[in-house]
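Each chain is listed here by its residues.
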Amino acid sequence: MTATTETAPPEPEPGHDAAESTGSVEQTARALHSPVVEWFDAHARDLPWRRPEAGAWGVMVSEFMLQQTPVNRVLPVYEQWLSRWPRPADLAAEAPGEAVRAWGRLGYPRRALRLHGAAAAIAERHGGDVPKEHAQLLALPGVGEYTAAAVASFAYGQRHAVLDTNVRRVFARAVTGRQYPPNATTAAERKLARALLPEDEQTAARWAAATMELGALVCTARAPSCSKCPITHLCAWQLAGCPEHVDPPRRTQTYAGTDRQVRGKLLAVLREAVTPVPQATLDRVWNDSVQRARALDGLVADGLVEPLPGGVYRLPMT
DNA sequence: TACTCGTGGGG
DNA sequence: TCCCCAAGAGT
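Residues numbered from 1 in each chain as written. Chains lettered and ligands numbered in written order. Predicted model: local features only at pLDDT ≥ 70, side-chain atom pairs only at ≥ 80, totals over all residues. Heavy atoms only, no water.

## Here's the deal with the packing of aromatic side chains
Geometry of an aromatic ring pair is reported as the spacing of the ring centres plus the angle between the planes. We apply this condition: Under the pairing criterion, centres of Phe, Tyr and Trp rings, with the six-membered ring standing for Trp, must be within 6.5 Å; the plane angle then separates stacked pairs below 30 degrees from edge-to-face pairs above 60, leaving the rest tilted. Strands are runs of DSSP state E lasting at least two residues, helices are runs of H or I lasting at least four, and both sets are numbered from the N terminus onward. Per-residue accessibility, obtained with a 1.4 Å probe over protein chains only, is compared with the maximum for each type, and a residue is labelled buried under 20%, exposed over 50%, and partly exposed between these values. Distance and angle both matter: a charge sits over a ring if NZ of Lys or CZ of Arg is within 6 Å of the ring centre and within 35 degrees of the ring normal.
The final tally for this structure, using the stated rule, is 4 aromatic pairs. Ring geometry for Trp49 against Tyr78: centres 5.1 Å apart, planes inclined by 75°, an arrangement best described as edge-to-face. Here Trp49, found in the loop between helix 2 (25-43) and helix 3 (55-65), pairs with Tyr78, found in helix 4 (residues 71-84); they are 29 residues apart in sequence, far enough to count as distant. We note that Trp49, like Tyr78, is buried. For the pair Phe171 and Trp207, a centre-to-centre distance of 6.1 Å together with 20° between the ring planes defines the contact as stacked. Of this pair, Phe171 sits in helix 10 (residues 165-176) while Trp207 sits in helix 12 (residues 201-217), and the two are 36 residues apart along the sequence. Cluster of aromatic residues (ring-pair linked, three or more members): Trp81, Trp85 and Trp103. Positioned above the aromatic ring of Trp237, the side-chain terminus of Arg173 is 5.1 Å from the ring centre.

Below is the structure:
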């Protein structure tokens, strides 16, 4: 954007930008740290992956499972998973299909495949120990910017900006004065998250978990419990009068009748099957043969289904 | 960048 | 009922 192409002044932020209108980002950060971390000390849920005995592997498993899946549904699968595969090498020694089967109905089963792949990489490249460096974590299958930062921070106490949907929403409201963050994570959000990070490594890790928990329990997407929020008196969105989000409408994800639904039905059959499943059995899960074939092809291409000679299918054993 | 990729609970 | 959306990653 340049002065010559500028036809209108920059669009004003809705409400206050606390970082600009009430002082520096540093000042904003210092005002938020204590109340948020103290709230976390008092209200944090006792989740199994937060216990010391979970270890880095437990943290990593939980982060994979929690990608787009609510805590309540993850809990039982997490317990079974770590009981069966207490170390990365234990999972790496199994067939990938067993990971897909144990994944159950958590959704997005490619995550199970990637977790298996991550375990194999950890066993091969890292001596069986979850790596500590952000770059090494990021190189693992299924580990993106968020998960790498989360494992480094939660498992190893490092200082990283951990930007998940909860944290993004908390910052959007408390600091930027908007009801919701942008659809995709922006450079401005990353910059803000880094600027808000406490200097002290241990405190930064605590802050990361605390802001995430605040978003999950209090500063929720639909009906935030602002009366229970430890920073409601500092919240830029509150101070602006809780303006409604007006920008591009957030597109709703359709599901009924999509390939995803068909894939889910096909894989559900294969998860339950002890022996390879004949084509005819799979044909019964969906009427449209064209879409059914496309979905099955997709599952095979993704490595979630293994076709065997004779027109039978199973979860991948190789 | 925008789209795909499951599943199910709560409002 | 229907709709929203939940600790994202990969392409």
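Resuming the write-up.
## Topic: the nonpolar core
Going by this rule: The nonpolar core is taken to be a set of buried Ala, Val, Leu, Ile, Met, Phe, Trp, Tyr and Cys residues, with the residues joined through side-chain atoms within 4.5 Å. All domain edges in this entry derive from an automatic or database-based domain assignment. By the convention used here, residues are in contact when the closest approach between their heavy atoms is within 4.5 Å.
In this structure, Trp57, Met60, Met65, Trp81, Leu115 and Leu137 are the most contacted members of the largest nonpolar core, which totals 52 residues. Listed by contribution, the elements that provide at least two residues to this core are helix 3, helix 4, helix 6 (96-103), helix 7 (110-125), helix 9 (145-154), helix 14 (259-272) and helix 16 (289-301). Counting contributing residues per domain, this core is built from domain 1 (18-162 + 199-217) and domain 2 (259-314), each supplying no fewer than three. With residues up to four places along the chain from it excluded, the contact list for Leu115 reads Trp57, Met60, Val61, Phe64, Trp81, Leu91 and Trp103.

## Description of the sheet that holds strand 3 (residues 312-314)
Put simply, the test is: The criterion for strand pairing is that DSSP finds at least two bridges linking the strands in question.
Judged by pairing direction, the sheet is antiparallel, and its 3 strands sit side by side in the order 1-3-2 without closing on themselves. The sheet is open, and its two edges are formed by strand 1 (277-278) and strand 2 (306-308), each paired on a single side. Note: strand 2 against strand 3, 3 bridges, orientation antiparallel. Bridging across to strand 3, Leu308 finds its partner in Val312.

## So, the pattern of salt bridges
Operational definition: When a carboxyl oxygen of Asp or Glu lies within 4 Å of a side-chain nitrogen of Lys or Arg, that pair is called a salt bridge.
For the structure shown, the criterion picks out 16 salt bridges. Ionic pairing is found between Arg168 and Glu189, a salt bridge with its closest N-O pair at 2.8 Å. Placement of the pair is Arg168 in helix 10 and Glu189 in helix 11 (residues 187-196), with a sequence separation of 21 residues. Accessibility classification places Arg168 together with Glu189 in one group, the buried group.

## As for the protein's contact with DNA strand B
Heads up, the rule is: Distances are taken per atom, and a residue is near a molecule or strand as soon as one of its heavy atoms is within 4 Å of it. Polar contact is defined as a pair of N or O atoms within 3.5 Å, subject to the rule that within protein one atom must be able to donate a hydrogen and the other to accept it, and that residues adjacent in sequence are counted only when both atoms are side-chain atoms. The residue classification treats Ala, Val, Leu, Ile, Met, Phe, Trp, Tyr, Cys and Pro as nonpolar and Asp, Glu, Lys and Arg as charged. All others, Gly included, are polar.
Close contacts around DNA strand B come from 18 residues, with Arg105, Pro109, Arg260, Arg263 and Gly264 the closest. Near the protein, within 4 Å, the atoms of DNA strand B are sugar or phosphate in 59% of cases. In this structure, a base nitrogen belonging to DNA strand B sits 2.8 Å away from a side-chain N or O atom of Thr69. Here a sugar or linking oxygen of DNA strand B sits 2.9 Å away from a polar atom, N or O, in the main chain of Tyr108. Residue assignment for the surface near DNA strand B shows that the elements contributing at least two residues are helix 7 and helix 14. Top contributing element to the surface near DNA strand B by residue count: helix 14, with 4 residues. A class-by-class count of the residues in the surface near DNA strand B yields 4 nonpolar, 5 polar and 9 charged.

## Some details on the domain arrangement of chain A
What counts here: Put simply, buried area is the surface a 1.4 Å probe can reach on two separate parts but cannot reach once they are joined, added for both.
Each domain of chain A was delimited in the assignment, giving domain 1 (18-162 + 199-217) and domain 2 (259-314). For domain 1 and domain 2, the distance between their C-alpha centres works out to 32 Å. In this assembly, 8 residues from domain 1 lie in contact with 10 residues from domain 2. When the two sides are added together, the surface that domain 1 and domain 2 hide from each other amounts to roughly 750 Å², 54% of it contributed by carbon and sulfur. Its largest share of buried area at the contact with domain 2, domain 1 owes to Arg101, Arg110 and Leu113, together 51% of the area lost on that side. Taken together, the links from domain 1 to domain 2 amount to 1 salt bridge. A salt bridge links Arg110 to Asp302; its shortest N-O distance comes to 3.9 Å.

## As for the confidence of the model for chain A
Our working definition: On a range of 0 to 100, pLDDT expresses the predictor's confidence in each residue.
Here chain A shows a mean pLDDT of 92. Residues at 70 or above account for 91%. Confidence drops under a pLDDT of 50 for residues 1-21, and excluding neighbours within four residues, the segment shows 26 contacts in the predicted structure.

## A short note on the packing of helix 4 against helix 6
Going by this rule: In this description, a line fitted to the C-alpha atoms serves as the axis of each element, helices being fitted only across the stretch in contact, and the angle between N-to-C directions of two axes falls anywhere from 0 to 180 degrees. Small angles under 35 degrees read as roughly parallel and large ones over 145 as roughly antiparallel, with 65 to 115 read as roughly perpendicular and the rest as oblique.
Closest axis-to-axis distance for the helix 4/helix 6 pair is 10 Å, and the angle between their directions is 150°. The angle between the axes of helix 4 and helix 6 places the two elements in the roughly antiparallel class. Contact with helix 4, carried on its side by Val77, Trp81 and Arg84, involves Glu98, Ala99, Ala102 and Trp103 of helix 6 and no other residues of that element.

## Comments concerning helix 16
Every α-helix winds through 3.6 residues per turn, so residues three or four apart in the chain are directed the same way. The criterion, for reference: The length a helix should cover is 1.5 Å for every residue beyond the first. Note: the arc covers the axis-to-C-beta directions of the helix.
The terminal C-alpha atoms of helix 16, which comprises 13 residues, lie 18 Å apart, in line with the 18 Å expected from a rise of 1.5 Å per residue. Within helix 16, burial applies to Gln291, Arg292, Ala295, Leu296, Gly298 and Leu299. Each buried residue of helix 16 lies within a common arc of 155° when the element is viewed along its axis, so the set occupies one face. In helix 16, the exposed positions that point more than 90 degrees away from the buried face belong to Val290, Asp297 and Ala301.

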